[in-house]
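# Structural features, examined
Here are the chains, one letter per residue:
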Amino acid sequence: MSMLAVLRKIVQEVNSASDLNTALEIIVKRVQQTMNTEVCSVYLFDALTEQYVLMATEGLNPEAVGKIRLAPSEGVVGTVAVRAEPLNLENVAAHPSYRFITGSGEEQFHSFLGAPIINQRKVLGVLVVQQKQRRRFDESEEAFLVTMSAQLAGVIAHNEVTGGNRVNADSPSQLRQDARYDGVSGAPGVGVGTAVVIAPLANLDAVPDQQAEDIDAELKHFRAALSRVRHDIKVVGRSLARRLKGEEQALFDVYLRMLDDSALAGEIEQQILQGQWAQGALRRVVQSHVREFEMMDDLYLRERGTDIKDLGRRVLACLQENVCHLPMQFPDQVVLVAEELTASMLGEVPIEKLVGLVSVMGSGNSHCAILARSMGIPTVMGVVDLSTITVHNQPVIIDGFSGRLFVNPSEQLNRYYDVIVREELLLSKGLEQMRDLPAETLDGHQIPLCVNTGLVTDVALALVRGAEGVGLYRSEVPFMIKEFFPSEAEQIDSYRRQLLPFAPRPVTMRTLDIGGDKSLPYFPIDEANPSLGWRGIRVTLDHPEICLVQVRAMLQASEGLDNLRIMLPMVSSVVEIDEAVALIDQAFAELIEDGCRLVRPKIGVMIEVPAAVYQVRSFARRVDFLSVGSNDLTQYLLAVDRNNPRVASLYNSYHPAVLTALLRIVVEAHKEKVQVSICGELAGDPVGAILMLAMGYDMLSMSSTSLGKVKSAIRGITLDQAQLFLDTALSFDDPLSVQKALGTMLVDAGLGRLSRPQLQP
Ligand code: PEP
Ligand code: MG
């Protein structure tokens, strides 16, 4: 077997381990066998004692596990950790850092090769092999160990957090107090409640373990689901009978047999009888079989794992469909947790009970985070180390300011966050009082503040909070929560609900912006590189029928209100503008011909890709207004995926490159006497808003939760002061220094209450 195949096999096996200790035991055993050494051990860093602890060994005294503890820089293991590089020694005892540890049985082994286990720049531990014979390990051995530890780092990091205090943990499900999980901020605010894990329809991996309340009912429920799936499979089999060869037909029999009592069904029922609920039992049994199959070398057999997974999903879908009909019981304060939070999941919990959202995947700019911000629900995204299975039903605190989740909080932590919740409430009450005042600087310069909307709820909130119009209506949002493309009549209805309450104030409707991170379940776009692929205007121009229906609906909805503006997303060339304007004109002409009484809407273009930054003047000559989408502009200028938590710390709209581009856009647009606004998240940040004001932006559009803070910031400074903020921002050449300096300036200007609280207890 090639080295790569061996590596893959070990990683797969480790991945399938149920807890960290088992995973570590597999690692040491397999590495020792593969490298044919006498010893393989793994040491992990214990944050509680700040020591490296021997966690598993093959070859050293097993009694020493958990007992050998080394301070960082202590012993050769410590040296590997501190230097964060491998160490290959012919005679370990001769190394200056060598420390003899009694009881380890180590003295007989002379040669030593250690590789650090590093995940996201953090040294988690050290992987070591040792041999009696004095020799240097050769290059290929060193390469293998280094590759192995790099591959294992992610697995260990994941297991480590989910396993709680790994060194002292009695069982993996025992969570320590104040267990902290870092993600990124999705929506500001603090929520205190109980974690409720929600699994997407038929996603086996996201089903939590749960005690069955009524074992007989669970059994019945499972059997009913099973018989439905059997029936479905028979129907499918029969309907395909004419087109399938005998051999393929037999597949359906295989499927049915897999579900037999003597196979999967029997095992699942066993689990239920032992007290697990039906969904959990199904997940456990299916996963364990899938793992077995995935580890097989035979490709055909590996495929059988896929079949089992598929069957599991079918049964799960039936189980969940039934569950959906039952009114689900929620605790009073729900923190909804999901592997990947979607727009439709937000509707699953009664809104008055929802105090926070947590998503394992995604980042602050994912669509569901944008929705959460508009609904004012504290949200943490990209908590990659969180195991949804472990957190279900646990008390949690979610800190949406700093992007953190605390599981099983102590009384002290609860008290700390109680104070913050109360302070936030006071601040928002103060801000409400400014609702009807203009966003005007101390020296009388005004800037209109509009809102970004998507759902009808956004409209009501925006009006209560004093918005001066809609700067961005994300028209894809109502598309996202449907099962198929909404009809023209349905669209007219949705759009009217946006236009009417704001009239005569302007409502800027963006044409469908799908692709990238926004997909429609009924129009999947599967691409290797979706952000650079078929998205926004590119999709709608290729589907004029979708675009025309949408524009016709927008126009008809605006009849008699005349407050519609249409905006085009993701434009990178004037050709796209010309084509889109032609479509809008066509729809307009058709409706006029039909007798509609319409005013031609103002048309605008979003500046959100670097190419647009360099064509502002030619874009401006073709349209009535421009609007900067700083979320995408940041993503594309910095080449940082806005949804990838691994690079979330690199995503920063205060990056000098972004600020320079923003300034350039407004200067160029004004040369053509065209108004330019900004509707990305930056506009909703008080400091960002001050910068945009100083740059000369004509309007800011943000989620309605940000309106109060931004208005408060603008009303608290003069234009000269804002200019000073901008000069300072432009004088730095790295984003963090920009943010730090501006944060200090905000405090100095007496606006410190508007900065995000520093929540480091
Ligand atoms: C943006 O990119 O800044 C923007 C406002 O659009 P969206 O976040 O919907 O992509
Ligand atoms: Mg965008």
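So, here's what we can say about the structure. The shown structure was predicted, so the numbers you read here are calculated from the model rather than taken from an experiment.

### Things to note about the coordination of the magnesium ion (ligand 2)
The magnesium ion (ligand 2) binds to the protein through Glu608 (OE) and Asp632 (OD); the donor distances cover 2.0 to 2.2 Å. Taken together, the positions of glutamate 608 in the loop between strand S19 (602–607) and helix H19 (610–613) and aspartate 632 in helix H21 (residues 630–638) put the pair 24 residues apart, joining distant regions of the chain.

### Side note on the environment of aspartate 585
Looking at the secondary structure, you find aspartate 585 in helix H18 (residues 574–593). Separated by 37 residues in sequence, aspartate 585 and leucine 548 have C-alpha atoms that sit 9.9 Å apart.

### Considerations on the sheet that holds strand S18 (residues 564–568)
Adjacent strands of a sheet pair through backbone hydrogen bonds, lying either parallel or antiparallel. Pairing within the closed barrel is parallel, and its eight strands lie in the order S15-S16-S17-S18-S19-S20-S21-S22. For this sheet, the mean inter-axis angle between neighbouring strands, taken without regard to orientation, is 25°. In this structure, strand S21 (residues 675–678) lies alongside strand S22 (residues 699–702), joined through two bridges in parallel fashion. Counterpart to serine 677 in the pairing with S22 is methionine 699. Seen against the sheet, helix H24 (residues 704–715) touches strand S15 (449–453) and S22 and runs at an angle of roughly 160° to S15.

### A word on the pairing of S19
Here S19 lies mainly inside the structure; five of its six residues are buried. Of the pairings in the sheet, the one linking S18 to S19 comprises four bridges and is parallel in character. Within S19, the residue paired with arginine 565 across the bridge is lysine 602. In terms of handedness, the path from S18 via H18 over to S19 forms a crossover that is right-handed. Pairing geometry for S19 and strand S20 (residues 625–628), over four bridges, is parallel. Its bridge partner lying in S20, glycine 604 is registered against phenylalanine 625.

### Describing the nonpolar core
The biggest cluster of nonpolar side chains holds 105 residues, and the ones touching the most others in it are Leu626, Leu662, Tyr697 and Leu700. For this core, the element with the most residues is H18, which contributes nine residues. Counting 35 residues, the second-largest nonpolar core is a separate cluster that includes Val6, Cys40, Phe144 and Leu152.

### Details of the site of ligand 1
Near ligand 1 there are 15 residues, and of these Arg474, Arg510, Gly629, Asn631 and Arg642 occur at the shortest range. Arginine 474 has a polar side-chain atom sitting 2.7 Å from an oxygen atom of ligand 1. In this structure, glycine 629 approaches ligand 1 through a main-chain N or O atom, which is 3.3 Å from an oxygen atom. Protein burial of ligand 1: of its 290 Å² of free accessible surface, 100% is covered by the chains. Among the elements of the structure, strand S16 (470–474) and H21 are those that each provide at least two residues to the shell around ligand 1.

### Focus: the sheet that holds strand S9 (residues 190–197)
One open sheet holds the eight strands; their spatial order is S7-S14-S13-S9-S10-S11-S12-S8, and the pairing between them is mixed. Single-partner strands in this sheet number two, and they are strand S7 (179–182) and strand S8 (184–187). On average, adjacent strands in this sheet sit at an angle of 30° to one another, irrespective of strand direction. Sheet topology places strand S13 (residues 395–399) next to strand S14 (residues 404–407); four bridges connect them, and they run antiparallel. Opposite aspartate 399, over in S14, you have arginine 404 as the bridge partner.

### Side note on unusual backbone geometry
A cis amide bond, omega 5°, links alanine 503 with the succeeding residue proline 504. Its place among the elements puts proline 504 in the loop between helix H15 (488–502) and strand S17 (507–510). Of note, the phi angle at aspartate 562 is positive, near 55°, even though the residue is not glycine. Its location among the elements puts aspartate 562 in the loop between helix H17 (544–557) and S18. The partly exposed category is assigned to aspartate 562, whose relative accessible area is 43%. With a phi angle near 55°, lysine 673 is a residue other than glycine that sits in the positive phi range.

### Observations concerning H21
A large share of H21 lies buried, amounting to eight of its nine residues. When we look at burial in H21, the residues that qualify are Ser630, Asn631, Asp632, Leu633, Thr634, Gln635, Tyr636 and Leu638. For H21, the secondary structure elements touched by its buried residues are S16, S19, H19, S20, helix H22 (656–671) and S21.

### Some remarks on the pattern of salt bridges
If you walk through the whole model with that rule in mind, you get 24 salt bridges. Note that aspartate 182 and arginine 404 form a salt bridge whose closest N and O atoms lie 3.6 Å from each other. In this pair, aspartate 182 is assigned in strand S7 and arginine 404 in strand S14, connecting sequence segments 222 residues apart. Of the residues examined, arginine 404 reaches a relative accessible area of 13% and is grouped as buried. Aspartate 585 is the salt-bridge partner of arginine 600, the closest N and O atoms lying 2.9 Å from each other. Taken as a pair, arginine 600 in the loop between H18 and S19 and aspartate 585 in helix H18 lie far apart in primary sequence, 15 residues in all. On the accessibility criterion, arginine 600 (39% relative accessible area) is partly exposed. What emerges from the salt-bridge pattern is a single network uniting Glu476, Arg510, Asp513, Arg535, Asp632 and Arg642.

### Considering the packing of H17 against H18
Contact pair H17 / H18: the axes reach a minimum separation of 9 Å and the direction vectors enclose 55°. By the angle between their axes, H17 is oblique relative to H18. In this structure, the crossing between H17 and H18 has a hand that is right-handed. Counting all contacts with H17, which are made through Pro544, Cys547, Leu548, Val551, Arg552, Leu555 and Gln556, the residues of H18 involved are Leu583, Ile584, Gln586, Ala587, Phe588, Glu590 and Leu591. Tallied by class, residues from the contact of H17 with H18 come to ten nonpolar, two polar and two charged.

### Considering the environment of proline 331
Here proline 331 is to be found in the loop between helix H9 (299–325) and strand S10 (334–338). If near-sequence neighbours (up to four positions away) are discounted, proline 331 is found in contact with Thr194, Val196 and Lys353.

### What to know about the packing of aromatic side chains
Applying the stated criterion across every chain, the model contains seven aromatic pairs. Relative to tyrosine 417, the ring of tyrosine 416 has its centre 5.2 Å away and its plane inclined at 80°; by these criteria the two rings are edge-to-face. Under the relative-accessibility criterion, tyrosine 416 is labelled partly exposed at 29%. Owing to a relative accessible area of 0%, tyrosine 417 belongs among the buried residues under this scheme. Seen from their ring centres, phenylalanine 479 and phenylalanine 485 are 6.0 Å apart, and the 75° between their planes marks the pair as edge-to-face.

Thresholds applied
Throughout, a residue's number is its position along its own chain's written sequence, starting from 1. Lettering of chains starts at A and numbering of ligands starts at 1, both following the order in which they are written. For this predicted model, a pLDDT threshold of at least 70 governs which residues receive local features, and a threshold of 80 or more governs which side-chain atom pairs are given and counted, while totals over whole chains, interfaces and linings are taken from all residues. In computing side-chain values, all of the structure's heavy atoms are included and hydrogens and water are not. Coordinating donors are taken as N, O and S atoms within 2.8 Å of the metal, stretched to 3.2 Å for Na, K and Ca; because water is absent from the atoms, sites can appear incomplete. Elements are defined by DSSP. Helices are runs of H or I of four residues or more, strands are runs of E of two residues or more, and each kind is numbered from the N terminus. Strand pairing is assigned whenever DSSP detects at least two bridges linking the two strands. Axis lines are fitted through C-alpha atoms, for helices just across the contact stretch, and the angle between N-to-C directions can take any value from 0 to 180 degrees. Residues count as neighbours in contact if any of their non-hydrogen atoms are within 4.5 Å of one another. Relative accessibility thresholds used throughout: buried, under 20% of the residue-type maximum; exposed, over 50%; partly exposed, between the two (1.4 Å probe, protein chains only). With its strands directed away from the observer, a crossover is right-handed exactly when the path from the first strand over the helix to the second travels clockwise. What makes a nonpolar core is a set of buried Ala, Val, Leu, Ile, Met, Phe, Trp, Tyr and Cys residues whose side-chain atoms join them at distances within 4.5 Å. Nearness is defined per residue: one heavy atom within 4 Å of the molecule or strand is enough. By the criterion applied in these results, polar contacts are pairs of N or O atoms within 3.5 Å in which, for protein atoms, one can donate a hydrogen and the other can accept it, and in which residues neighboring in sequence qualify only through two side-chain atoms. Accessible surface is estimated by sampling points in the Shrake-Rupley manner with a 1.4 Å probe; for residues, cover comes only from the protein chains shown. Think of a salt bridge as a Lys or Arg side-chain nitrogen and an Asp or Glu carboxyl oxygen that are within 4 Å of each other. Oblique is the label for every angle not falling under 35 degrees (roughly parallel), over 145 degrees (roughly antiparallel), or within 65 to 115 degrees (roughly perpendicular). Two helices crossing with the near one rotated counterclockwise from the far one by less than a right angle form a left-handed crossing, whereas a clockwise rotation gives a right-handed crossing. As a working rule, the residues Ala, Val, Leu, Ile, Met, Phe, Trp, Tyr, Cys and Pro are called nonpolar, Asp, Glu, Lys and Arg charged, and the rest polar, with Gly in that last group. Any pair of Phe, Tyr and Trp rings, taking the six-membered ring for Trp, is counted once the centres come within 6.5 Å. Such a pair is stacked with planes under 30 degrees apart, edge-to-face with planes over 60 apart, and tilted for the rest.

The analysis is restricted to geometry; functional conclusions fall outside its scope.
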